[in-house]
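One-letter residues, chain by chain:
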Amino acid sequence: MDQLMIGFLGLSWKHFVMFGIGFLLIYLAIAKEYEPVLLLPIGFGALLCNIPFSSAVGPEGPLTILHHAGIVTELFPCLIFVAVGAMCDFSPMLKNPVLMLFGAAAQFGIFATIIFAAFLGFDIKEAASIGIIGAADGPTTIYVATKLAPELLAPLSVAAYSYMSLVPIIQPPVIKALTTKKERSILMPVKEDVPVSRMVRILFPIAVTLIAGIIAPISVALVGMLMFGNLIKECGVVERLSRASQEELANLVTLLLGITIGATMTAEQFLNVKTIMVMGMGIIAFVFDTAGGVLFAKGLNLFLKEKINPMIGACGISAFPMSARVIAKMALAENKRNYIIMHAVGANVSGQLGSIIAGGLVLAIVAGF
Amino acid sequence: MLLASSFFSNEFKEVSSVNPTVIEALNVAAIGLPAMFGVIILFVALGQALLKLFPEKSNSAK
């Protein structure tokens, strides 16, 4: 009889709070469709690990084994990068090189948040991991957190994925606060199409891997896997591998990554002041990213003859294609003839590259301390 | 980048009340942001060089 009561007797208010958080994530995934492929397994993982004496976690629990095999070893984020690379098309970015700069400018939130977190008393490794939420890139956040602050992995992952899904809510007010209606209405005509040859599309990922790897060897796993996935797609001779990376690999690793991350959300690890601070700073990172991109675009406009719609700057984050879609919609709301979707996509792809470079740079710099 | 980094280190070392972690964080930003732009500009140049070196062959010559 005692064995049947053990679960009830082990329950505390903390478990109920975590059940509530798990249900909230599942609700957001199913009812609101906010990043459902991630929030659903994360939410369910949170339920599994918070049932007292759960056999899913613990020394022999399957989710703990998956955690050691895929998260501690950084295998899952690296495999996700192969999948993301196979889905990336760098052509819009190569056709309009100015857009690439937004991939750097919109990483401003990372550095602003690192400073902010340090002010709040986090050590430099924790602060750097918190700042990386501003990369708006789940796998990069997980990769950096695993290396620098594994104890914060659960809140960092939840913050990164939650705020990525909230881009349509976070970005518009920041953009509106920093731009005038006139600026938001700037028309950006589609430029004459510059064809990108197959040779360029093949050589670009190889060259980027070599350059980024030599500059920051610690970033090779990040950049290299992304570019490997992209090469699989662009070379055109391994269609099966390309499809497998984009579908089977992406789906399987996302599923395992999500439920494993969710299973790290134990009440003991999650319910503390640090988690609340991490969640708060995550939103600061996204706000500063958006502000950095928009203000950089406004700065560029001082020197450019053909003005850029400053909203494009906000697309320099990695949340693809959500950010591009949000900004394109905002541009159309200001002016019905303002189709900036192609420019927005170019900046958004640059953001994907930029976030990974930022992750590698932060790792390389912090490793030096 | 090194100059920027040493600037922040020296400036803040003089103010004893500043948390050393904040100085490290400022260093990360002082090195990281310019490095970020540097790497991206390098990739812009790389992309443009590749486009020039390997242009798409036109299909118009039939």
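Predicted model, so just to flag it, every value in this text is computed and none were measured.

1. Describing the pattern of salt bridges
Residue and element names in this part refer to chain A. Evaluated as defined, the whole model comprises 7 salt bridges over all chains. For Glu126, the salt bridge goes to Lys274, with nearest N and O atoms at 2.8 Å. Note that Glu126 is positioned in helix H9 (residues 124-131) and Lys274 in helix H18 (residues 273-301), a separation of 148 residues in sequence. Two residues, Glu234 and Arg201, come together in a salt bridge whose shortest N-O distance is 3.0 Å. Of this pair, Glu234 sits in helix H15 (residues 220-235) while Arg201 is found in helix H14 (residues 198-215), placing the two residues 33 residues apart along the sequence. Take Arg201: its relative accessible area is 23%, and that puts it in the partly exposed class. Several salt bridges converge on common partners, so that one network encompasses Lys181, Arg184 and Glu334.

2. Observations concerning the interface of chain A and chain B
Counting from both sides, the interface comprises 39 residues of chain A and, opposite them, 29 residues of chain B. Buried area between chain A and chain B, both sides added, is near 3100 Å², and the carbon and sulfur share of it is 89%. Where chain A meets chain B, there are 0 salt bridges. Where chain A touches chain B, the interface holds 2 residue pairs in polar contact (both at pLDDT 80 or more). Here the element with the most residues in the side of chain A that touches chain B is H14 of chain A; it accounts for 10 residues. In terms of residue class, the side of chain A that touches chain B is built from 33 nonpolar, 4 polar and 2 charged.

3. Quick look at the nonpolar core
In terms of nonpolar packing, the biggest core is built from 125 residues, with Phe90, Ile114 and Leu353 of chain A touching the most fellow members. With 18 residues, the top contributor of residues to this core is helix H2 (residues 20-53) of chain B. Among residues more than four places away in sequence, those in contact with Ile114 of chain A are Ile124, Ala127, Ala128, Gly131 and Val362 of chain A together with Ala25 and Val28 of chain B. The next biggest cluster of nonpolar side chains, apart from the first, holds 5 residues, and it includes Cys49, Ala56, Ile259 and Ala263 of chain A.

4. Some remarks on the confidence of the model for chain B
Scored by pLDDT, chain B comes out at a mean of 79, with 66% of its residues at no less than 70. Model confidence for the complex is summarised by a pTM of 0.88, with the ipTM given as 0.87.

5. A word on the packing of aromatic side chains
Scanning the model with the defined rule gives 6 aromatic pairs over all chains in all. For the ring pair Phe296 of chain A and Phe37 of chain B, a centre distance of 5.3 Å and an interplane angle of 45° mean the geometry is tilted. Placement of the pair is Phe296 of chain A in helix H18 and Phe37 of chain B in helix H2, with the two residues belonging to separate chains.

6. Some words on the packing of helix H11 (residues 153-165) of chain A against helix H12 (residues 167-178) of chain A
Residues and elements named next belong to chain A. Interhelical geometry of H11 versus H12 gives an angle of 65° and a closest axis separation of 5 Å. Regarding the angle of H11 to H12, the classification is roughly perpendicular. The segment H11 lies against H12, with Tyr163, Met164 and Ser165 engaging Val167, Pro168 and Ile170. Broken down by class, the residue content of the contact of H11 with H12 amounts to 5 nonpolar, 1 polar and no charged.

Parameters at a glance
- Residues numbered from 1 in each chain as written.
- Chains lettered and ligands numbered in written order.
- Predicted model: local features only at pLDDT ≥ 70, side-chain atom pairs only at ≥ 80, totals over all residues.
- Heavy atoms only, no water.
- Salt bridge = Lys/Arg side-chain N within 4 Å of Asp/Glu carboxyl O.
- Helix = DSSP H or I, 4+ residues; strand = E, 2+ residues; numbered from the N terminus.
- Buried < 20%, exposed > 50% of the residue type's maximum accessible area, 1.4 Å probe, protein only.
- Contact = heavy atoms within 4.5 Å.
- Buried area = accessible area lost by both parts, 1.4 Å probe.
- Polar contact = N/O pair within 3.5 Å; in protein donor to acceptor, adjacent residues only side chain to side chain.
- Nonpolar A, V, L, I, M, F, W, Y, C, P; charged D, E, K, R; others polar.
- Core = buried A, V, L, I, M, F, W, Y, C linked by side-chain atoms within 4.5 Å.
- pLDDT = per-residue confidence, 0-100.
- Phe/Tyr/Trp six-rings, centres within 6.5 Å; stacked < 30°, edge-to-face > 60°.
- Axes fitted to C-alpha atoms, helices over the stretch in contact; angles between N-to-C directions.
- Parallel < 35°, antiparallel > 145°, perpendicular 65-115°, else oblique.

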